[in-house]
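Residues per chain are reported as follows:
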Amino acid sequence: MTKKETNNDVLLANIIKGIEEVKGNDIDILDLRAIDNAACDYFVICNGNSNTQVNAIVNSIQKTASKAIKDKPWHIEGADNAEWVLMDYVHIVVHVFQKHIREYYNIESLWGDAKITTIANKY
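Chains are numbered independently. Their residues run from 1 in the order of the written sequence. Totals for whole chains, interfaces and linings use all residues, but because this is a predicted model, local features are given only for residues with pLDDT of at least 70 and pairs of side-chain atoms are given and counted only at 80 or more. Water and hydrogen atoms were dropped before computing side-chain values, which therefore reflect all heavy atoms in the structure.

**Some points on unusual backbone geometry**
Residue lysine 23 is not a glycine yet carries a positive backbone phi of 60°. Its place among the elements puts lysine 23 in the loop between α1 (3–21) and β1 (25–31). Backbone geometry places asparagine 37, a non-glycine residue, at a positive phi of 65°. Residue position: asparagine 37 is located in the loop between β1 and β2 (42–48). Runs of H or I in DSSP of at least four residues are treated as helices and runs of E of at least two as strands, each being numbered from the N terminus.

**Observations concerning the packing of aromatic side chains**
Pairing of aromatic rings covers Phe, Tyr and Trp, the last counted by its six-membered ring, and requires centre-to-centre distances within 6.5 Å; plane angles under 30 degrees mean stacked, over 60 mean edge-to-face, and any other angle means tilted. By the definition in use, this model includes four aromatic pairs. Ring geometry for phenylalanine 43 versus tryptophan 111: centroids 5.4 Å apart, planes at 85°, classification edge-to-face. On the criterion of sequence distance, the pair formed by phenylalanine 43 in strand β2 and tryptophan 111 in the loop between α3 (99–105) and β6 (115–119) is long-range, its members being 68 residues apart. Of the residues examined, phenylalanine 43 reaches a relative accessible area of 9% and is grouped as buried. Buried residues are those whose accessible area, probed at 1.4 Å on protein chains only, stays under 20% of the maximum for their type, while exposed residues exceed 50% and partly exposed ones sit between those limits. Classification of tryptophan 111 as partly exposed rests on a relative accessible area of 22%. Ring centres 4.7 Å apart and planes at 35° place the aromatic pair tryptophan 84 and phenylalanine 97 in the tilted group. In this pair, tryptophan 84 sits in strand β4 (residues 84–88) while phenylalanine 97 sits in strand β5 (residues 92–98), placing the two residues 13 residues apart along the sequence.

**Regarding the pairing of β1**
Each regular strand displays side chains that alternate between the two surfaces of the sheet. Counting buried positions along β1 gives six out of seven residues, so the element sits mostly inside the fold. Of the strand pairs in this sheet, β1 and β2 are connected by five bridges, and their pairing is antiparallel. Looking across to β2, one finds that asparagine 25 is bridged to asparagine 47. Pairing of β1 with β6, which is carried by five bridges, proceeds in the antiparallel orientation. Across the sheet, the residue bridging to aspartate 28 is threonine 118, located in β6. Between any two strands, pairing holds if DSSP finds at least two bridges.

Right, here's the structure in full:
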């Protein structure tokens, strides 16, 4: 296992922990590493029930990753309206949606070749 893979695994675990701490729903991890020309190694996709919860998920991910491994997103988009927030950690991109926006865009279907791991809700 390379250092990048180890760092990605630790970051991925902390992203999932951050989502779960504020009860983010329907967590999917798309492994894009086997797809040619993919922009990153993983997509993490989840949703909240309101813009308040979407913002809480984003803040929780940032806090958890920063505290555990001193990592912060390179870029964040969409936080102003909190319907779809994209957090770019370079090798891992996190998409936090409101449920109806996620259903509308259905970005999982755009990456049909990706291996998808679904994390069961703990509550």
